[in-house]
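Residue strings, one per chain:
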Number of protein chains: 4
Amino acid sequence: MANNIRVTVWHEFRHEKTNAAVRAIYPHGMHNAIAAGLRAAGGMTVRTATLDEPEHGLSADVLANTDVLTWWGHTAHQEVRDDIVERVQQRVWAGMGLLVLHSGHFSKIFKRLMGTSCDLKWRQADDREIIWFTAPGHPIVQGLTDHIIIPREEMYGEHFDIPEPDETVLISSFSGGEVFRSGVTYRRGGGKIFYFRPGHETYPAYHQKEVLQIIANAVRWAAPVENLAPQTYGNRQPL
Amino acid sequence: MANNIRVTVWHEFRHEKTNAAVRAIYPHGMHNAIAAGLRAAGGMTVRTATLDEPEHGLSADVLANTDVLTWWGHTAHQEVRDDIVERVQQRVWAGMGLLVLHSGHFSKIFKRLMGTSCDLKWRQADDREIIWFTAPGHPIVQGLTDHIIIPREEMYGEHFDIPEPDETVLISSFSGGEVFRSGVTYRRGGGKIFYFRPGHETYPAYHQKEVLQIIANAVRWAAPVENLAPQTYGNRQPL
Amino acid sequence: MANNIRVTVWHEFRHEKTNAAVRAIYPHGMHNAIAAGLRAAGGMTVRTATLDEPEHGLSADVLANTDVLTWWGHTAHQEVRDDIVERVQQRVWAGMGLLVLHSGHFSKIFKRLMGTSCDLKWRQADDREIIWFTAPGHPIVQGLTDHIIIPREEMYGEHFDIPEPDETVLISSFSGGEVFRSGVTYRRGGGKIFYFRPGHETYPAYHQKEVLQIIANAVRWAAPVENLAPQTYGNRQPL
Amino acid sequence: MANNIRVTVWHEFRHEKTNAAVRAIYPHGMHNAIAAGLRAAGGMTVRTATLDEPEHGLSADVLANTDVLTWWGHTAHQEVRDDIVERVQQRVWAGMGLLVLHSGHFSKIFKRLMGTSCDLKWRQADDREIIWFTAPGHPIVQGLTDHIIIPREEMYGEHFDIPEPDETVLISSFSGGEVFRSGVTYRRGGGKIFYFRPGHETYPAYHQKEVLQIIANAVRWAAPVENLAPQTYGNRQPL
């Protein structure tokens, strides 16, 4: 694992501009709350990128120098350019880690990597969320015990239409009685992917210490191995 | 799949003999409630076997003529003879399906097949259990929609110390806020295994229609293919 | 499982029109060789569909009445219309089984469902292929023992860039020393997917009895459960 | 990951004492060849333990101070004390990594953790083994490209009777046309397990650079996370 992981925190960054309630919680945008948490965790160099920047802030150069990308989007999934989604997918295949956060479940990049609808049930009603750990010893829950509680959050409920995960690391319950696979891992090509549920824009999840710790742990887990060999495909002579 | 699946419903059958409350719910024993549900489902020939019968009712002949075995035990796991556990394990490897029910999570046979402690959290406090389906289209939830509710049950909570399942089919929530992987599948050798959570002896889960339907579905899913070829191991000449 | 599975065998059907060697092996096209094998297996109603038919033979009505679709393409993947690929994907999510054959690994539909490049190594040099079974007891190898041999085939070699399979059922070796995961299963939404390697157009694999038996077994395995409940997503009220 | 991983290389150490051919290849025992490779890789403190030492060299204290245990056994599996196997299993559950090497597939500890027979086909006939990588980007193949070749080895062939692996990292072909899942991972409780095939006692695999590199990579992969929280099971009060 790299000692200095290069992280790009990507954010749609629209709600904060139009919704005072969101802005009150995240005055500098959700991306900067996440980035601050990662910087505090240490061992990473963190930059941010947002939808309305040129190339959504994800130039070929930025991606080539990103070990792990985090992705939050919600209201503007359709505005993300297909060629840039393609670029991100190629970079994941080449080894870049990807953390998909909350409503990013419906992002073009996540749906492309999963091959499913990624649909789910939801409700905005101040549910209490309890996130239980189903894989103790997994790096993603390192330093935590067996569950964390988020006092108020949007509910996401099963069925969550994703492929059978490589590992189911976290499962949530909500006040309303629903459950959700809140932390699941996949590998696509050389890249590792972690979906992590919390983070509705009207709640302060990305200010909560344990949530940030899981994100930091997941960044470390998703960072590519050093000296990753590019694969050779195509016509091959016999030995 | 066989048109006439031969099922043996194995039951510890101790609580009913000593606890009037359990006897009131299951006057003929839990095994007979389960067996009645399976007979009503059709396509199966169902017998029962219990701990206190000779060889626990699981003679070599009975097992050789069993396509799917269901297992409920709780208070007397340690009384199950090791040689008979070995016999059951061998039969699973040879293709027999196995349904492990509720407190059977701590049975010798389940722990042997899993290789883990199979431990969990629990509470007896009349929790409401909601069982959500995480694999729509799976034969085990055939004919049901997206969840079932058990009005009162014992709580089982994560971490459930099992291997990463081949498929996670069901996840429960409980009134107290816990979650549990309530329906999980595994393959061991030629045999298919389904763990299914409900069924504490002081609640009437095995009289509930949807619970019985899932058990019947799981029996059909776990039945071995016909003409299963025995595998050849050991020294092998080159082609 | 339906007693009468409705199968549509989809074929690109181009090589046979331009290459006399292929036509000599498959005078009626590869699709008709596959369809004949399935009809002989019984329990299925089989039709065919090809690229150059209107809507590639895959109208909404045809797909709605297809339980399992098999897919062979090679030279004209790019000519398959995106809207029809989308239609097939939606139908898989709704429960239709999908068998992807040989060079179909690079089809639009398979890449979309996998989320990976689906790339591989290959060589046309009359390799002998031995397909070993890694999941005895799986319905897909029902009636067969532990391996089959294809005297001459195109080589496909690892790394095969696919997600970690739900189940790895078959692994091949080739004369040149390569290996390949030749039979792998996935679930996407309500649909089951099986990738099966053999079937290069210049070799007679789809006339070989064991190959056809595996395809027939896989069709039965991939057929949807009856009365599959459509899932409900979106906003949900608390209980 | 610990910067200084504490490794114990366990070896049966019998063949070297009775077979001059083995002794000629491994004059200090296979364990010391493996240990030398790990020491050269760096970042580890390596000790050895063997069957004929008191408690097989695996006292409670040694295990408590072992992050990763490697295991090679063959002719004397039955001589390993059950209470010590139990001790090793408990330590794996508590987070210790375990590498099972070659004929260790039939060890008590591996069979207990897998729950299957762990049987396979085999042949001693100087086969050439090619180990292909099926999970590029996995830490276990870090620094290597897409395959390694072992000029002469014992053959192991499928069906290898193990549970569906969490990850299939390596697949071998042999001169005789067989294939084998040569590198597979599992998690049991808090511990990570890697089975790695090469290492028959009459061939010098543990002197081969790439083989030692994979073992060193696997040790780093299997090392437990720091500050692993012990899990709480049993009776639990509601929130």
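Quantities reported herein were computed from a predicted structural model and do not represent experimental measurements.

1. What about the overall build of chain A?
Consideration 1: Per the secondary structure count, chain A includes seven helices and 10 strands.
Consideration 2: Taken over C-alpha atoms, the radius of gyration comes to 17 Å for chain A, in line with the 18 Å a tight globule of 239 residues would show.
Consideration 3: Viewed in the frame of its principal axes, chain A has a C-alpha envelope of about 60 × 40 × 35 Å.
Consideration 4: Counting all 239 residues of chain A, 67% fall into the buried class.

2. A short note on the relation of the copies chain D and chain B
Both copies of the chain are related by one operation, a rotation about an axis with a shift along it.
Consideration 1: Superposing chain D onto chain B takes a rotation of 180 degrees combined with a translation of 0.0 Å along the rotation axis, leaving an RMSD of 0.0 Å. Both copies are brought into coincidence by an operation consistent with a two-fold rotation axis. Taking the C-alpha atom as reference, chain D places Gly115(D) closest to the rotation axis, 2.8 Å from it.
Consideration 2: A share of 100% of interface residues in chain D that are also interface residues in chain B marks the association as one of identical surfaces.

3. Section: the pairing of strand E1 (residues 5-11) of chain D
Looking down a regular strand, the side chains alternate between one sheet face and the other.
All names here are of chain D.
Consideration 1: With respect to burial, E1 is a largely interior element, six of its seven residues being buried.
Consideration 2: Pairing analysis gives seven bridges linking E1 to strand E2 (residues 44-50), with the strands arranged parallel. Counted as the bridge partner of Thr8 is Arg47 from E2.
Consideration 3: Where E1 and strand E3 (residues 68-72) come together, five bridges link them in parallel fashion. Looking at the pairing, Trp10 lines up with Trp71 of E3.

4. Describing the environment of Asn217(A)
Consideration 1: Position of Asn217(A) relative to the elements: it lies in helix H7 (residues 209-222).
Consideration 2: Each C-alpha atom, one on Asn217(A) and one on Ala41(A), is 8.9 Å from the other, the two residues being 176 residues apart in sequence.

5. Quick look at the packing of aromatic side chains
Consideration 1: If you walk through the whole model with that rule in mind, you get 32 aromatic pairs over all chains.
Consideration 2: Geometrically, the ring pair formed by Phe160(A) and Tyr195(A) is tilted, given 5.3 Å between the ring centres and 55 degrees between the ring planes. On the criterion of sequence distance, the pair formed by Phe160(A) in the loop between strand E6 (147-157) and strand E7 (167-174) and Tyr195(A) in strand E9 (residues 191-196) is long-range, its members being 35 residues apart. Like Phe160(A), the residue Tyr195(A) is buried in the burial classification.
Consideration 3: Three or more aromatic residues joined by ring pairs make a cluster, and in this case those are Phe110(A), Tyr156(A), Phe160(A), Phe180(A) and Tyr195(A).
Consideration 4: For Arg197(B), the ring lying beneath its charged end belongs to Tyr156(B), and the centroid distance is 4.9 Å.

6. What to know about the side chain of Lys121(D)
Consideration 1: Summarising the element assignment, Lys121(D) is placed in strand E5 (residues 121-133).
Consideration 2: Among the polar contacts made by the side chain of Lys121(D), one reaches the main-chain carbonyl oxygen of Glu158(D) at a distance of 3.0 Å.
Consideration 3: With residues near it in sequence (within four places) discarded, Lys121(D) still touches Thr232(B), Tyr233(B), Gly234(B), Arg236(B), Trp132(C), Asp146(C), Met155(D), Tyr156(D), Gly157(D), Glu158(D) and His159(D).

Each value, and the rule that gives it
Residues numbered from 1 in each chain as written. Chains lettered and ligands numbered in written order. Predicted model: local features only at pLDDT ≥ 70, side-chain atom pairs only at ≥ 80, totals over all residues. Heavy atoms only, no water. Helix = DSSP H or I, 4+ residues; strand = E, 2+ residues; numbered from the N terminus. Rg over C-alpha atoms; globule rule 2.2 N^0.38 Å. Buried < 20%, exposed > 50% of the residue type's maximum accessible area, 1.4 Å probe, protein only. Least-squares fit on C-alpha atoms with pLDDT ≥ 70 in both. Contact = heavy atoms within 4.5 Å. Pairing = 2+ DSSP bridges. Phe/Tyr/Trp six-rings, centres within 6.5 Å; stacked < 30°, edge-to-face > 60°. Lys NZ or Arg CZ within 6 Å of the ring centre and 35° of its normal. Polar contact = N/O pair within 3.5 Å; in protein donor to acceptor, adjacent residues only side chain to side chain.

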